[in-house]
Amino acid sequence: MRHFEELEEELKQRIIHMGSLVEEMIYLADICLLERDRSCLEKVFKNETLVNQLHIEVDDRCFKLLALYQPTAADLRFIMGAIKINSDLERIGDQAVNVSQTASLLLQQPQLPQKLFDIPRMAELAKTMVKDALDSFVRKDVPLARLVVQRDEEEDRLKAASFHELMHLMQSDSSTIERALSLILIARNLERIADHATNIAEDVIFMVLGKDIRHHAETAEATPTTH
């Protein structure tokens, strides 16, 4: 039987490869949206096929490691974290496809006078969060993972601001409704990408430290209860 460490490293490399494909999908989706370039769409869809294949393969490898070995606590955290990170990466890929598809519809219409509001900032922040979340996984970098978690609030703020501005635009000019609704969908997709990046960062912290910080669990644990 092959050594567990060797299989674990192969699993890690597949997640890294999956992450690189997903990062490229976000980058290409942003080019389609921000530069109104339709040529990127085909590559996004090709990457989606590869990501879906890796999604199945990584889960299969994780389940085999659980079935064939008796992993230590740290190794078990890695496997469980890998399963969850695998799922989040696949969902990030889905959101990048959604952005690409909606952006392709916008290319058929004239740009809005205000163009894209805060959405370019949302796109840049989402890309950075995914990159840093994956880097924190590769390096087991807890401070970097915590930084990703903190940035999620900024993405939420930008989405709320974009929603408010787009709603106001639609109310003041009915001819913008279709385009504004498309941008609202894209803002929601970008916010979800940031959410999945945050999930990955939280999983990295759990894998390294054994601490669950989801839903502010770490803060609640540190706060004494009163009776």
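Residues numbered from 1 in each chain as written. Predicted model: local features only at pLDDT ≥ 70, side-chain atom pairs only at ≥ 80, totals over all residues. Heavy atoms only, no water.

Quick notes on the environment of M18
Step number 1: By the element assignment, M18 lies in helix α1 (residues 4–34).
Step number 2: C-alpha separation for the pair M18 and V149, spaced 131 residues apart in sequence, amounts to 21 Å.
Step number 3: Not counting the four nearest positions on each side in its chain, M18 is found in contact with V51, L54, H55, N86, L89 and E90. (Helix = DSSP H or I, 4+ residues; strand = E, 2+ residues; numbered from the N terminus. Contact = heavy atoms within 4.5 Å.)

A few points about empty space enclosed by the protein
Step number 1: Per the stated rule, a full pass over the model turns up 1 cavity of 30 Å³ or more.
Step number 2: Its volume calculated, the largest cavity comes out at about 110 Å³.
Step number 3: Lining of the largest cavity is provided by 14 residues; of these, R36, L106, Q111, L116 and L183 occupy positions nearest its centre.
Step number 4: Elements with a contribution of two residues or more to the lining of the largest cavity: α1, α3 (73–106) and α6 (177–209).
Step number 5: Looking at the lining of the largest cavity residue by residue, the classes come out as 9 nonpolar, 2 polar and 3 charged. (1 Å grid on protein atoms, 1.4 Å probe; cavity = no way out; pocket = protein on both sides within 12 Å on 5 of 7 lines; lining within 4 Å. Points joined across faces, edges and corners; volume = space filled by probe spheres on them. Nonpolar A, V, L, I, M, F, W, Y, C, P; charged D, E, K, R; others polar.)

A closer look at helix α4 (residues 119–139)
Step number 1: Look at α4: 30 Å from first C-alpha to last across 21 residues, which is about the 30 Å you get at 1.5 Å a residue.
Step number 2: Regarding α4, the residues found buried are I119, M122, A123, L125, A126, M129, V130, D132, A133, L134, S136 and F137.
Step number 3: Against the buried residues of α4 lie α1, α3, α5 (142–172) and α6.
Step number 4: Positive backbone phi, at 55°, marks K140, one or two positions downstream of α4. (Expected span 1.5 Å × (residues − 1). Buried < 20%, exposed > 50% of the residue type's maximum accessible area, 1.4 Å probe, protein only.)

Points about the confidence of the model for the protein
Step number 1: Taken residue by residue, the protein gives an average pLDDT of 90. The fraction at 70 or more is 93%.
Step number 2: Mean pLDDT across the elements of the protein ranges from a minimum in helix α7 (residues 217–222), with 47, to a maximum in α6, with 96. (pLDDT = per-residue confidence, 0-100.)

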